[in-house]
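Summary of the model geometry
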Amino acid sequence: MRSRTFPISQPITIRRAVARDAKRLTRLVRGSRAYEGQYAAAVAGYRVGPDYIEAHRAFVAVGADEHGDRVLGFYSLVLAPPELDLLFVADEVQGRGIGRLLVAHMQSEARAAGLDRVKVVSHRPAEDFYHRVGAVRTGTALANPPAVPWDRPEFEFRIPPE
């Protein structure tokens, strides 16, 4: 199945996620090509519900398309303990700077919340991305079958004061 590409000629806005975004964010997670094959089970039943959006600092990157606002990606920042819980970019716009924008926004939110570091437990396909956007590898989260049957790289963003 081919996915259509999405030209990014309109400005991208990052805004707080709201309950009505829940279904679109869930589709983005479940449809991510980064979670195909051996990783598919990790997101098969995953749900980003309105309750999750309300409980966390979730933000979406949106751009305009012929149908209105198009969700290009999102992230969720947990404050205690500080962790980047989710970060997804739509497959068809990967490599166009959306992830980098979301990370910069997350770092700004973390700084505003008084955090000096944010942990990330990734999976192998995203490891290079986190290196490119400045995260430092700090260790490995060991497999926890059956929920997570593989080891995952752990990273940390260091949040310098302004």
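Let me begin by describing the structure that accompanies this report. (Residues numbered from 1 in each chain as written. Predicted model: local features only at pLDDT ≥ 70, side-chain atom pairs only at ≥ 80, totals over all residues. Heavy atoms only, no water.)

With that settled, consider the overall build of the protein. When helices and strands are counted, the protein shows five helices and seven strands. Reading the protein from its N terminus to its C terminus gives the helix and strand order β-α-α-α-β-β-β-α-β-α-β-β. The C-alpha atoms of the protein give 15 Å as radius of gyration, which agrees with the globular expectation for 162 residues (15 Å, within 12%). The dimensions of the protein, computed from C-alpha atoms along their principal axes, are 45 × 40 × 30 Å. Counted over contacts in the protein with a minimum sequence separation of 6, partners at least 24 positions apart contribute 62%. Averaging the positions of the 23 positive and the 19 negative side-chain charges in the protein gives two centres separated by 3 Å. (Helix = DSSP H or I, 4+ residues; strand = E, 2+ residues; numbered from the N terminus. Rg over C-alpha atoms; globule rule 2.2 N^0.38 Å. Contact = heavy atoms within 4.5 Å. Lys, Arg positive; Asp, Glu negative; His and termini not counted. Charge placed at Lys NZ, Arg CZ, Asp CG, Glu CD.)

With that settled, consider the nonpolar core. The biggest cluster of nonpolar side chains holds 45 residues, and the ones touching the most others in it are Phe74, Leu84, Met106, Val118, Tyr130 and Phe157. When contributions to this core are tallied by element, the ones reaching two or more residues are helix H1 (22–30), helix H3 (50–55), strand E2 (57–65), strand E3 (68–78), strand E4 (83–89), helix H4 (98–112), strand E5 (117–121) and strand E7 (152–158). If sequence neighbours within four positions are ignored, Tyr130 has contacts with Leu84, Leu87, Val120, Ser122, Ala135, Phe155 and Phe157. (Core = buried A, V, L, I, M, F, W, Y, C linked by side-chain atoms within 4.5 Å. Buried < 20%, exposed > 50% of the residue type's maximum accessible area, 1.4 Å probe, protein only.)

Here the structure, examined in full by the defined rule, presents ten salt bridges. The partner of Asp21 in a salt bridge is Arg15, with the nearest N and O atoms 2.8 Å apart. Assessed through its relative accessible area of 0%, Asp21 is described here as buried. Each of the salt bridges in this network shares a partner with another, and the network as a whole consists of Asp116, Arg117, Glu156 and Arg158. (Salt bridge = Lys/Arg side-chain N within 4 Å of Asp/Glu carboxyl O.)

Geometry of an aromatic ring pair is reported as the spacing of the ring centres plus the angle between the planes. Tallying each qualifying case throughout the model produces seven aromatic pairs. Ring geometry for Phe74 versus Phe88: centroids 5.9 Å apart, planes at 15°, classification stacked. Residue Phe74 is located in strand E3, and its partner Phe88 is located in strand E4; the two are separated by 14 residues in the primary sequence. For the pair formed by Phe74 and Phe88, the shared burial category is buried. Ring centres of Tyr130 and Phe157 lie 6.2 Å apart, and the angle between their planes is 70°; this geometry places the pair in the edge-to-face category. Linking Tyr130 in helix H5 (residues 127–132) with Phe157 in strand E7, this pair joins segments that are 27 residues apart in sequence. Its relative accessible area of 6% is what places Tyr130 among the buried residues. We classify Phe157 as buried; its relative accessible area is 0%. (Phe/Tyr/Trp six-rings, centres within 6.5 Å; stacked < 30°, edge-to-face > 60°.)

It is worth spelling out H4 at this point. Helix length check: H4 (15 residues) gives 21 Å between terminal C-alpha atoms against 21 Å at 1.5 Å per residue, within 8%. Looking at H4, one finds that the buried residues are Ile98, Gly99, Leu102, Val103, Met106, Gln107, Glu109 and Ala110. (Expected span 1.5 Å × (residues − 1).)

Function cannot be read off these values alone, since they describe shape.
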